[in-house]
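Chain and residue survey
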Amino acid sequence: MINNPSAPIGIFDSGIGGLTVAHAITQLLPNERIIYFGDTAHLPYGDKSEAAIQAYSIKIADVLLKRGCKVIVIACNSASSAAYELLKEYVNKQAHVVNVIDPMVEFVSSHFQDKNIGLIGTKRTVQSGIYSKKIQEYQKGILLKPLATPLLAPMIEEGYFNNKISHDLIEEYLSNDSLKEINALILACTHYPLIKTEIKDFYNGSVEILDSSEVVALALKKLLKKNQLLANNVLPTHSFLVSDFTESFEVSTQIFFGSMVRLQMHTLWS
Ligand code: DGL
């Protein structure tokens, strides 16, 4: 296990979605250095098989471990549902592994007893049933109402948000009967915080919108503290790797992290 506090934190997603988590991490832990990997060559993950996502995740973990990461954050619900257990075993004692599902399940279970909670996510996440299983383990009488919304992540990845197309698609999905009578809605895809305002507008304050970026950052801080791994780096330099160059990725990293972001290409298979 890497026990060097100044070592970087590795974070990955299929594309720009995980930047919402990476951003929350750098806000809460400004002395941490991050290495972000966007697997843009293989997005969207949400309609891939479990086996394919596991293979991508292992390859990305290799890249992050080679760069000395002390923790790997799976900043993607699809990969967290398909590959977390496998990745934990694979990484073994070389680094800690954090997923985006457990912190949200813990949060929901302690704040929404006996409530109806909607969930939107990719097909992979919703079909895995992982949120329902984990929430049930807490036995808090929560009824989960999930809906797969597979067009949202590719739409966001293409830069379509805050416009008529995104408005119509969001309205179409959120009007679905399976999301009726909910008290809160889990955004179970790390791309969705980018359309959080539009989702909030749809519900007009009647439903609480739960975005995992902050709870994941808090869970990460707790883990680092417990293992005496909190960094003290002054003005850390972050790195952004992509498996394929996309303009939307570059634009999004600049929105989140300023204009100095330089993307590095890193193919997973040579
Ligand atoms: N951001 C990802 C998630 O949380 C993946 C979206 C996709 O690539 O389909 O599931």
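Scroll up a little and you will see the structure.
So, a few notes on the structure that sits alongside this text. Just so it is clear, the structure is predicted and the values come from calculations on it, not from any experiment. Residue indices begin from 1 for each chain and proceed along its sequence in written order. For a predicted model such as this one, the threshold for reporting local features is a pLDDT of at least 70, and the threshold for listing and counting side-chain atom pairs is 80 or more; totals across whole chains, interfaces and linings nevertheless cover every residue. Hydrogens and water are ignored here; the side-chain numbers use all heavy atoms of the structure.

Moving on: unusual backbone geometry. Residue Pro 44 follows Leu 43 across a cis peptide bond; omega there is -5°. Helix numbers and strand numbers start at the N terminus; a helix is a DSSP run of H or I with at least 4 residues, a strand a run of E with at least 2. Here Pro 44 lies in the loop between strand E2 (34–38) and helix H2 (50–66). If you check the backbone angles, Asp 114 has positive phi at about 60° while not being a glycine. Relative to the elements of secondary structure, Asp 114 occurs in the loop between helix H4 (101–111) and strand E5 (116–121). Given the relative accessible area of 56%, Asp 114 is considered exposed. The residue Asn 204 is not glycine, and still its phi comes out positive at about 50°. By the element assignment, Asn 204 lies in the loop between helix H9 (196–203) and strand E8 (208–211). Categorising residues by exposure relies on relative accessible area from a 1.4 Å probe, with only protein chains included: less than 20% of the type maximum marks a residue as buried, more than 50% marks it as exposed, and the intermediate range marks it as partly exposed.

To continue, consider the site of the ligand. The rule for a residue being near a molecule or strand is that one of its heavy atoms must lie within 4 Å of it. In the vicinity of the ligand there are 13 residues, among which Ser 14, Tyr 45, Asn 77, Ser 78 and His 191 approach most closely. Within 3.5 Å is the distance limit for a polar contact, defined as a pair of N or O atoms, with the added protein rule that one can donate a hydrogen and the other accept it, and that residues adjacent in sequence qualify only through two side-chain atoms. In the model, an oxygen atom of the ligand is placed 2.6 Å from a nitrogen or oxygen of the Ser 14 side chain. The side chain of His 191 places a nitrogen or oxygen atom 2.7 Å from a nitrogen atom of the ligand. Protein contact buries 99% of the 300 Å² of open area that the ligand shows by itself. Definitions used throughout: a 1 Å grid over protein atoms alone; a cavity as a set of points that fits a 1.4 Å probe which cannot get out; a pocket as an open set with protein on both sides within 12 Å along at least five of seven lines; a lining residue as one with an atom within 4 Å of a point. Occupancy of a cavity or pocket is assigned to a molecule whenever over half of its atoms lie within 2 Å of that pocket's grid points. According to the grid-proximity analysis, the pocket containing the ligand is the largest cavity. Accessibility throughout is a Shrake-Rupley quantity obtained with a 1.4 Å probe, and a residue counts as covered only by protein chains that appear here.

This part covers the environment of Val 63. With respect to the element layout, Val 63 can be found in helix H2. Remark: the alpha-carbon pair of Val 63 and Leu 220, spanning 157 residues in sequence, is separated by 20 Å. In what follows, a contact means two residues having at least one pair of non-hydrogen atoms within 4.5 Å. Excluding its chain neighbours within four sequence positions, the residues that come into contact with Val 63 are Phe 37, Leu 241, His 266 and Leu 268.

Let us look at the pattern of salt bridges. Think of a salt bridge as a Lys or Arg side-chain nitrogen and an Asp or Glu carboxyl oxygen that are within 4 Å of each other. Evaluated as defined, the whole model comprises 7 salt bridges. Across the pair Glu 85 and Lys 88 runs a salt bridge, and its minimum N-O distance is 3.8 Å. Of the two residues, Glu 85 and Lys 88 are both situated in helix H3 (residues 77–91); the distance of 3 residues between them amounts to about one turn of the helix. Lys 196 is paired through a salt bridge with Asp 211; the nearest N and O atoms lie 3.4 Å apart.

Take the buried residues of types Ala, Val, Leu, Ile, Met, Phe, Trp, Tyr and Cys, join any two whose side-chain atoms come within 4.5 Å, and each joined set is a nonpolar core. Grouped together as the largest cluster of nonpolar side chains are 67 residues, with contacts concentrated most on Ile 25, Val 73, Ile 120, Tyr 131, Leu 185, Ile 186 and Ile 199. Ignoring any residue separated from it by four or fewer positions in sequence, one finds Ile 25 in contact with Ile 9, Ile 11, Ile 34, Val 73, Ala 217 and Leu 220. Core analysis: the second largest hydrophobic core is formed by 25 residues, Ile 35, Val 63, Cys 69 and Cys 76 among them.

What follows deals with the side chain of His 42. Looking at where His 42 falls in the secondary structure, it is placed in the loop between E2 and H2. Contact partners of His 42, with chain neighbours within four places excluded, come to Lys 48, Tyr 56, Leu 268 and Trp 269.

Side-chain rings of Phe, Tyr and Trp, where Trp is taken by its six-membered ring, are said to pair if the distance between their centres is within 6.5 Å; with planes under 30 degrees apart they count as stacked, over 60 as edge-to-face, and otherwise as tilted. As enumerated under the stated definition, the model contains 7 aromatic pairs in all. On the numbers, 5.9 Å between centres and 40° between planes, the contact of Tyr 36 with Phe 249 is tilted. With Tyr 36 in strand E2 and Phe 249 in helix H11 (residues 247–257), this residue pair connects regions lying 213 residues apart in the sequence. The pair formed by Tyr 36 and Phe 249 is uniform in burial state, with each residue classed as buried. Between Phe 202 and Tyr 203, the aromatic rings sit 4.9 Å apart at their centres with planes inclined by 90°, giving edge-to-face as the arrangement. Assessed through its relative accessible area of 30%, Phe 202 is described here as partly exposed. Clustering of aromatic rings is evident, with ring pairs tying together Tyr 36, Phe 240, Phe 249, Phe 256 and Phe 257.

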